[in-house]
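Observations on the model geometry
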Amino acid sequence: MIISEYLLRTLELAGVRHIFGNPGTTELPLVKACEKRKQLQYVVALSEVSAVPMADGYARATRSLGVVNLHVAPGLGNGMGTLYTAGIAGTPLLVLVGGQDRRFLHTNPILWGPVEKMASAVCKAVFVLNTTFDAATNIRRALRTALTPPYGPVALICPPDLLETEINTEPSAVTPATHADLSDEQARNYAKFLQSAKKPAIVAAEDVHWNNAANELEALADKLGVPVYAAPYTGVLPVDASSPCYAGYLPPSLKQVAERLAAHDALLFVGGRGLRNTLYSEAHLPQCMAWLGNDASAMAPDGEYKLATVTHLKSALAEISAAMGKTRASGTQSARAALELPKRSAEILHPTLAIHVLLEKFSDAIWIDESGLSTSDVRQWMQLKAGEYLINGSGGIGWGLAASVGAAIGRPKRRIVAVIGDGSALYASEALWTAGHHGTKILLVILSNRRYATLNAAATRLAGGSLKSFTIEPPVIDFSGLAKLYDWDYAAASTAREFDVALGKLRGTLKNNTLLEIKLNPVLEPVTASRHF
Ligand SMILES: Cc1ncc(C[n+]2csc(CCOP(=O)(O)OP(=O)(O)O)c2C)c(N)n1
Ligand SMILES: [Mg+2]
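Residues numbered from 1 in each chain as written. Chains lettered and ligands numbered in written order. Predicted model: local features only at pLDDT ≥ 70, side-chain atom pairs only at ≥ 80, totals over all residues. Heavy atoms only, no water.

**What about the packing of aromatic side chains?**
This model, assessed by the stated rule, comprises five aromatic pairs. Pairing Y151 with W210 gives two aromatic rings, centres 6.1 Å apart and planes at 65 degrees, and the pair type is edge-to-face. Placement of the pair is Y151 in the loop between α6 (135-147) and β6 (153-158) and W210 in helix α9 (residues 207-210), with a sequence separation of 59 residues. According to the relative accessible area criterion, Y151 is buried, its value standing at 16%. (Phe/Tyr/Trp six-rings, centres within 6.5 Å; stacked < 30°, edge-to-face > 60°. Helix = DSSP H or I, 4+ residues; strand = E, 2+ residues; numbered from the N terminus. Buried < 20%, exposed > 50% of the residue type's maximum accessible area, 1.4 Å probe, protein only.)

**Brief notes about the pattern of salt bridges**
For the coordinates displayed, the defined rule picks out 15 salt bridges. The salt bridge involving R9 is made with E170; its shortest N-O contact spans 3.6 Å. Taken together, the positions of R9 in helix α1 (residues 3-13) and E170 in the loop between α7 (160-163) and α8 (184-195) put the pair 161 residues apart, joining distant regions of the chain. In this structure R9 comes out as partly exposed when scored by relative accessible area, which is 25%. Shared partners join several salt bridges into a network, and the residues in it are E5, R9 and E170. (Salt bridge = Lys/Arg side-chain N within 4 Å of Asp/Glu carboxyl O.)

**A short note on the pairing of strand β16 (residues 442-448)**
The element β16 is largely enclosed, with a buried count of seven among its seven residues. Where burial is concerned, the two faces of β16 agree: the one with I442, L444, I446 and S448 and the one with L443, V445 and L447 are both buried. Where strand β15 (residues 416-421) lies against β16, six bridges are found, and the strand directions are parallel. Residue pairing in the sheet places I416 in a bridge with I442 of β16. For the crossover that starts at β15, traverses helix α16 (residues 431-437) and ends in the parallel β16, the hand is right-handed. (Pairing = 2+ DSSP bridges. Right-handed = clockwise from strand over helix to strand, strands pointing away.)

**Re the coordination of the magnesium ion (ligand 2)**
Around a metal, the ideal angle is 109.5 degrees if four donors adopt a tetrahedral arrangement and 90 or 180 degrees if six donors adopt an octahedral arrangement. Protein-derived ligands of the magnesium ion (ligand 2) are D422 (OD), N449 (OD1) and R451 (O), with the metal-ligand distances lying across 2.1 to 2.2 Å. Read N to C, the donor residues that coordinate the magnesium ion (ligand 2) are spaced as D-x26-N-x1-R. Of this pair, D422 sits in the loop between β15 and α16 while R451 sits in the loop between β16 and α17 (453-462), and the two are 29 residues apart along the sequence. Taking relative accessible area as the criterion, D422 reaches 3% and is therefore assigned buried. (Donors = N, O, S within 2.8 Å, 3.2 Å for Na, K, Ca; no water.)

Here it is in structure tokens:
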């Protein structure tokens, strides 16, 4: 069979059903081979800027490998910002990069460039199909590396002439490498670490999702009555937000993190590679710390871990619970501090109330949140399930809208709600076309404050006040035009009364992809805005 068929059949055996990409000449063999497959579909995105987050959103929402195809040097370059994001959030992605036909590579054909060098800046490993002798092995090697933790993007560079060449090898399933379980002694040490502390806490991050360990984490936390914080910028919610142990997301300011955790004398970090933070602040975390996760590059945020083990979290957390023996029923009270809502007025639409109503109405949805200054409000009141609240995780905006399209393609039976700031919505808005083309039924809520409000909040702290450059009007961006461009339904609300009417029309299953624009008065800030940094 030809190498492209070998590649696709090997991917199918790993459960891959979609390849997201923006194709070019170098992709002809791959696209042609995809069209011959029954189980596997090539999903066209209108740019690489949307193809990568689509594959990432798909992977996170389905907890499986995402595959994305990028077109030689310019295509890979366009995808690098969001490949970076997938790497930070630890998403397993296989990146099929179009190589250039090797028969004329020496003539410097257009689109050619240092693709291996470029890919290696944002991928954990880069493999190349060089000859008929190494092609099958390198396909298998790339796939196995992508499926083995710590997860992240893995590149496979595929010259089209080689993809069309025959090899005499039958595809078979690739076995990813797995992490070892904890030994009895290790499990006892972690149990002792938690049980000998007066007031321990757990800080959880993405590995919990990828290791399918949310239930075991909750059981462990419950057993001791320990609160679970999501580490700042965690790209996938690691524990049910409705669980009493969920203590909320830590803010990305080290100073605020230290304040939130000050009452705890011991911290167990579960997954993650450290605390992602922004805007310099001095902070000290004097607690005794331990770590469990998939990536040995994780560093203690302050000092050194007393215990650190690379392991599979699902079994490790269950082993630690078992090693604790019987504990007194903890009867955990909700670990999340309550906060009062602003007063409702029919003629005003407060951003906090808008988020609160959306969370109540769509509590059963998978949420993609890139709502700028409103993100802390979402986390304050959300009751979403583990794995069903997604954020970019890197701070790189322009990810959420396209990620929601990938999530909707991967989870067609679920309602997908994306809440996106007006600035963030415009980095890769052509993803709306792919949604229309595939008949998804996404509810996209755009928070239209005609500002980069987040940057103004930062400027207020660092530069003495808002800056003119962060106001993105005039002209006022007309999101009804964007909806029309891609054949989405459109609704808008600028008062609580209009918002109620618009939501009333969104009952049940949506008939079409729907863009709901919330026109906000920028003077009204989300009540948790101060937690943003
Ligand atoms: C890829 C990328 N480019 C630029 C930025 C800088 N940035 C941070 S927040 C922001 C504005 C977000 O605006 P919007 O989505 O409207 O949300 P708001 O701040 O208004 O709530 C920008 C440009 C970034 N974080 N990532
Ligand atoms: Mg905005």
